[in-house]
Amino acid sequence: MKRILMFLSLSAWLQGASYDPFLLETQLSLLPKVAMLEKNLGQIQNKLPIKILIAYDINDETTAENCMRILASKFNGRINGRLLVVSALPFEKIDSSFAYQMIYALKANTQQLKKVHNAGLSGTVTALYDADRMEENGILLSVQMERTPIIMINAKILRENRFSFPDSLLEIARIIQ
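If you're wondering where the values come from, they're calculated on a predicted model, not measured in any experiment.

Engineer: I'd like a rundown of the pattern of salt bridges, residues and numbers included.
Structural biologist: Using the criterion set out here, one finds three salt bridges in the structure. The partner of Glu146 in a salt bridge is Arg174, with the nearest N and O atoms 2.7 Å apart. On the criterion of sequence distance, the pair formed by Glu146 in the loop between strand S6 (141–145) and strand S7 (149–154) and Arg174 in strand S8 (residues 174–176) is long-range, its members being 28 residues apart. Judged by its relative accessible area of 42%, Glu146 falls in the partly exposed class.

Engineer: A description of the packing of aromatic side chains should follow, citing residues and the corresponding values.
Structural biologist: Under the counting rule described, the total for this entry stands at one aromatic pair. For Lys107, the ring lying beneath its charged end belongs to Tyr19, and the centroid distance is 5.0 Å.

Engineer: Can you break down the packing of helix H2 (residues 21–36) against helix H4 (residues 61–75) residue by residue, with the values?
Structural biologist: Packing of H2 against H4 leaves a shortest axis separation of 10 Å and a crossing angle of 55°. In terms of axis orientation, H2 runs oblique to H4. As for the relative orientation of H2 and H4, their crossing is right-handed in sense. Every residue of H4 that contacts H2 at Leu24, Glu25, Leu28, Ser29, Pro32 and Lys33 is listed here: Thr63, Asn66, Cys67, Ile70, Leu71, Lys74 and Phe75. When the residues that make up the contact of H2 with H4 are grouped by side-chain class, the tally is seven nonpolar, three polar and three charged.

Engineer: So what's going on with the nonpolar core? Residues and values would help.
Structural biologist: With 37 residues, the main nonpolar core has Ile54, Tyr104, Leu106 and Leu140 as its most contacted residues. Contributing elements (two or more residues each) for this core: H2, strand S1 (50–56), H4, strand S4 (102–105), strand S5 (125–128), S6, S7 and helix H6 (155–160). Considering each element in turn, this core owes the most residues, seven residues, to H2. Ignoring sequence-local partners within four residues, the contact set of Ile54 consists of Leu28, Ala64, Cys67, Met68, Leu71, Val86, Ser87, Ala88, Leu89, Tyr104 and Leu106. Of all hydrophobic cores here, the second largest spans 19 residues; its members include Phe91, Ile103, Ala131 and Ile176.

Engineer: So what's going on with the pairing of S5? Residues and values would help.
Structural biologist: Going residue by residue along S5, you find Val125 and Ala127 tucked away on one face and Thr126 and Leu128 tucked away on the opposite face as well. In this structure, S4 lies alongside S5, joined through four bridges in parallel fashion. The partner of Ala105 across the bridge, within S5, is Leu128. Read from S4 through helix H5 (residues 110–120) to S5, the crossover connection turns out right-handed.

Engineer: So what about the pairing of S4? Which residues, and what values?
Structural biologist: Remark: a regular strand shows side chains that alternate across the two faces of the sheet. The side-chain alternation of S4 yields two buried faces, one formed by Met102 and Tyr104 and the other by Ile103 and Ala105. Examined bridge by bridge, S1 and S4 share four bridges and lie parallel to one another. Note that in S4 the partner of Leu53 across the bridge is Ile103.

Rules used in this analysis
- Residues numbered from 1 in each chain as written.
- Predicted model: local features only at pLDDT ≥ 70, side-chain atom pairs only at ≥ 80, totals over all residues.
- Heavy atoms only, no water.
- Salt bridge = Lys/Arg side-chain N within 4 Å of Asp/Glu carboxyl O.
- Helix = DSSP H or I, 4+ residues; strand = E, 2+ residues; numbered from the N terminus.
- Buried < 20%, exposed > 50% of the residue type's maximum accessible area, 1.4 Å probe, protein only.
- Phe/Tyr/Trp six-rings, centres within 6.5 Å; stacked < 30°, edge-to-face > 60°.
- Lys NZ or Arg CZ within 6 Å of the ring centre and 35° of its normal.
- Axes fitted to C-alpha atoms, helices over the stretch in contact; angles between N-to-C directions.
- Parallel < 35°, antiparallel > 145°, perpendicular 65-115°, else oblique.
- Left-handed = near helix turned anticlockwise from the far one by under 90°.
- Contact = heavy atoms within 4.5 Å.
- Nonpolar A, V, L, I, M, F, W, Y, C, P; charged D, E, K, R; others polar.
- Core = buried A, V, L, I, M, F, W, Y, C linked by side-chain atoms within 4.5 Å.
- Pairing = 2+ DSSP bridges.
- Right-handed = clockwise from strand over helix to strand, strands pointing away.

If you want it as structure tokens, here you go:
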């Protein structure tokens, strides 16, 4: 029994170790705020909650739960005065009929990211942990760490989905063509 518990603890730790905790926390601190700058999101009635979905591979459930805890502690249930509702789903259960304002995808393969991209076609702001993979998979946002956090925006997705962000954000972000 002890060996099983030790194996499960080690497995959970190794799974969480594949993510940079500082990058994960930085992304979860910045990306919801960036998503709220999208002008169409601001037009949604102020009384409606902001819904964020954490999309994860079935092996990353522990990391997804950690992401939900980070968002809860960072924003204390509200963002820009609006109620914040955070949930997590494995990629296999993502359906484009869900209504979220933002989907944050953890590490994923191309097929899983297609589901996130397709859900984003309805105007949902999509964000990805792996900044290097956002362009090839049709994801709008990511944050990369250099000397300081760099907000990355996919220009193709910005145009295709008619997202509208303030010029001041576009000036400081790294636009990927």
